[in-house]
Amino acid sequence: MRERTLEALGLDAAPREHPLTYPGAWPTESGLLLGDTYLRLSPEPDTGLDRWPVQCDGPGSGVPLDEVLAGTGAPPVDERTPVLAIGSNACPGQLRYKMAERGLSAVIPMVMARVTGIEAGVSAHVSPLGYVSASPFHAPGRTRDLFVTWLDAVQLEHVDHSEGVFLPEGAYDRVFLPADRFPVEMPSGELLNGVHAYVHRLGVLADGTGAPWTHPGERQVLTELITRSPLLREWFGGTPEEFSAHALGDARLCERGTRLLRDEGHTLRSGLESLVPERGPSAPAPEPPVNPAGEGVPA
C-alpha cells in the first residue's frame, strides 16, 4: 500500500504546521483515512456506507468498510457522526495531526458528497494558528462537492475541543444542518438525514461586492486582505508570509486584526445563526458582525 500513503498522494502536509497551505490538500475521491494511508472507498449504488468496499490491496480487493473498521478496533459506521468538512478538516494530513495531539486513532471514513445550500466562506477571524480559516455560509440553491467525515464519539469530542465549541471564547459552534434545508447526497445516491458542521461565531468576510466571500486559498485571502486594509498591512506585513508569521502565536495581535475586520465593515452574518444551539449563561454569544451589506444575507 506504499502508493496509498499520505505522502505518496500529496495529502500529508498539515496546515497546523504549514499555515499558508490552508485549507490543505483534499483528496480527489472518497476514502478511508487509516493512519498514514488513504485507501480508496468505492461507492455502491443503493448500498449503505458500512458495506462500501475499501480497496486494501489494489483493484478487486474490496473489503466492506465495517469489516475494515472492526479489524482496526475502530467503531462501525453506525456509531459515527457525519460532519461536513468546510476547511482543513477535509485534509487527511490535518486530521491525522489533530488526532495525534491526543494520541487518538486516525481511522476516519471520508466521503465526497453533493451538498446544496452551503458554501465554504472566509471566517471573520485572524487565527493565532497563522491563517484565516474557512467557515460555512448559507448559499441557497448553490450545489458543490464537499467531504463528509464520519467521526467516532472520541474523535468528535476532540474536534469539538479543537474548534473551541465548549469555550465561551471559542471560535466555532457545531450545528446540525437538517436535510430538508441542506440536502447532502452520497455518491451512492443515498440522501443523508442531515449532517453536522462547524460555524464560526463571528461570521464570514465579504468579497469586493458585499456578498459572502468563498474561500480561495490562504495566500489569496491574505494577499487581498492586506490590499484592502492599510492598517492590516501595517500590523501584519505586506506579504502572505509576513502576515502568517506575525499572526502565528500572537493572540493579542490577532484579536486586534479581527476587530479591525469588523470595524472596517468587512464582516457578514453566515445565515446559519438560527441553527446554533442556545448557550448557557456562562457562555454568552460574541458581538455580531456589523455591516449594512449583511442585511441581504439569509438569516
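Everything numeric here is computed off the predicted structure, so don't read it as measured data.

Caption draft 1: Representation of the overall build of the protein chain in the model. Within the protein chain, the secondary structure is distributed over 8 helices and 12 strands. Computed over C-alpha atoms, the radius of gyration of the protein chain comes to 19 Å, within 12% of the 19 Å expected from 2.2 N^0.38 for 299 residues, which places it in the range of a compact globule. If one aligns the C-alpha atoms of the protein chain with their principal axes, the spans along those axes are about 55 × 40 × 35 Å. Taken across its 299 residues, the protein chain has 52% of its residues classed as buried. Considering only contacts in the protein chain between residues 6 or more positions apart, those separated by 24 or more positions represent 69%. A total of about 13000 Å² of accessible surface is found on the protein chain, and carbon and sulfur atoms cover 52% of it.

Caption draft 2: Quick look at the nonpolar core. Counting residues in each nonpolar core, the largest one holds 37 residues, and the members touching the most others are Leu49, Val54, Leu65, Leu84, Ile118, Trp150 and Leu177. Breaking this core down by element, the ones donating at least two residues are β2 (37-41), α2 (65-71), β6 (107-122), β7 (134-151), β8 (172-178) and β10 (194-200). Examining the composition of this core, we find that 6 residues originate from one element, β6, more than from any other. The next biggest cluster of nonpolar side chains, apart from the first, holds 20 residues, and it includes Val126, Val221, Ala247 and Leu261.

Caption draft 3: Looking closely at the packing of aromatic side chains. For the structure shown, the criterion picks out 3 aromatic pairs. Taken together, a centroid distance of 4.4 Å and an interplanar angle of 15° make the contact between Phe236 and Phe243 stacked. Phe243 sits in the buried class, given a relative accessible area of 0%. One residue, Arg228, lies across the ring of Trp213, its end atom 4.6 Å from the ring centre. Arg256 extends its terminal NZ or CZ atom over the ring of Trp235, reaching a point 3.9 Å from the ring centre.

Caption draft 4: Looking closely at the pairing of β10. In terms of burial, β10 is largely enclosed, as 7 of its 7 residues are buried. Strand direction decides the pairing type here: β8 and β10, joined by 7 bridges, are antiparallel. Note on β10: the bridge partner recorded for Leu177 is Val195.

Caption draft 5: Representation of the confidence of the model for the protein chain. For the protein chain, mean pLDDT is 91; residues scoring 70 or higher make up 91% of the total. For residues 280-299, every residue scores under 50 in pLDDT, and the model assigns this stretch 38 contacts once sequence neighbours within four places are set aside.

Caption draft 6: The arrangement of the pattern of salt bridges in detail. Counted under the stated rule, the structure contains 14 salt bridges. A salt bridge links Arg114 to Asp145, with the shortest nitrogen-to-oxygen separation between them at 2.6 Å. Pair noted here: Arg114 is in strand β6 and Asp145 is in strand β7, with a separation of 31 residues, a long-range link. A salt bridge links Asp263 to Arg262; the shortest N-O distance between them is 3.2 Å. The class of Asp263 is exposed, set by a relative accessible area of 54%. Judged by relative accessible area, Arg262 falls into the partly exposed class, the value being 22%.

Caption draft 7: Examining helix α7 (residues 240-247) more closely. For α7, the complete set of buried residues consists of Pro240, Phe243, Ser244 and Ala247. The buried side chains of α7 occupy one side of the element, clustering within an arc of 95° when seen end-on. Buried residues along α7 sit against α5 (218-228), α6 (230-236) and α8 (251-263). Looking one or two residues past α7, Gly249 carries a phi angle of roughly 80°, positive in sign.

About the criteria used
- Residues numbered from 1 in each chain as written.
- Predicted model: local features only at pLDDT ≥ 70, side-chain atom pairs only at ≥ 80, totals over all residues.
- Heavy atoms only, no water.
- Helix = DSSP H or I, 4+ residues; strand = E, 2+ residues; numbered from the N terminus.
- Rg over C-alpha atoms; globule rule 2.2 N^0.38 Å.
- Buried < 20%, exposed > 50% of the residue type's maximum accessible area, 1.4 Å probe, protein only.
- Contact = heavy atoms within 4.5 Å.
- Areas by Shrake-Rupley, 256 points an atom, 1.4 Å probe, with all protein chains shown as cover.
- Core = buried A, V, L, I, M, F, W, Y, C linked by side-chain atoms within 4.5 Å.
- Phe/Tyr/Trp six-rings, centres within 6.5 Å; stacked < 30°, edge-to-face > 60°.
- Lys NZ or Arg CZ within 6 Å of the ring centre and 35° of its normal.
- Pairing = 2+ DSSP bridges.
- pLDDT = per-residue confidence, 0-100.
- Salt bridge = Lys/Arg side-chain N within 4 Å of Asp/Glu carboxyl O.
- Arc of directions from axis to C-beta.

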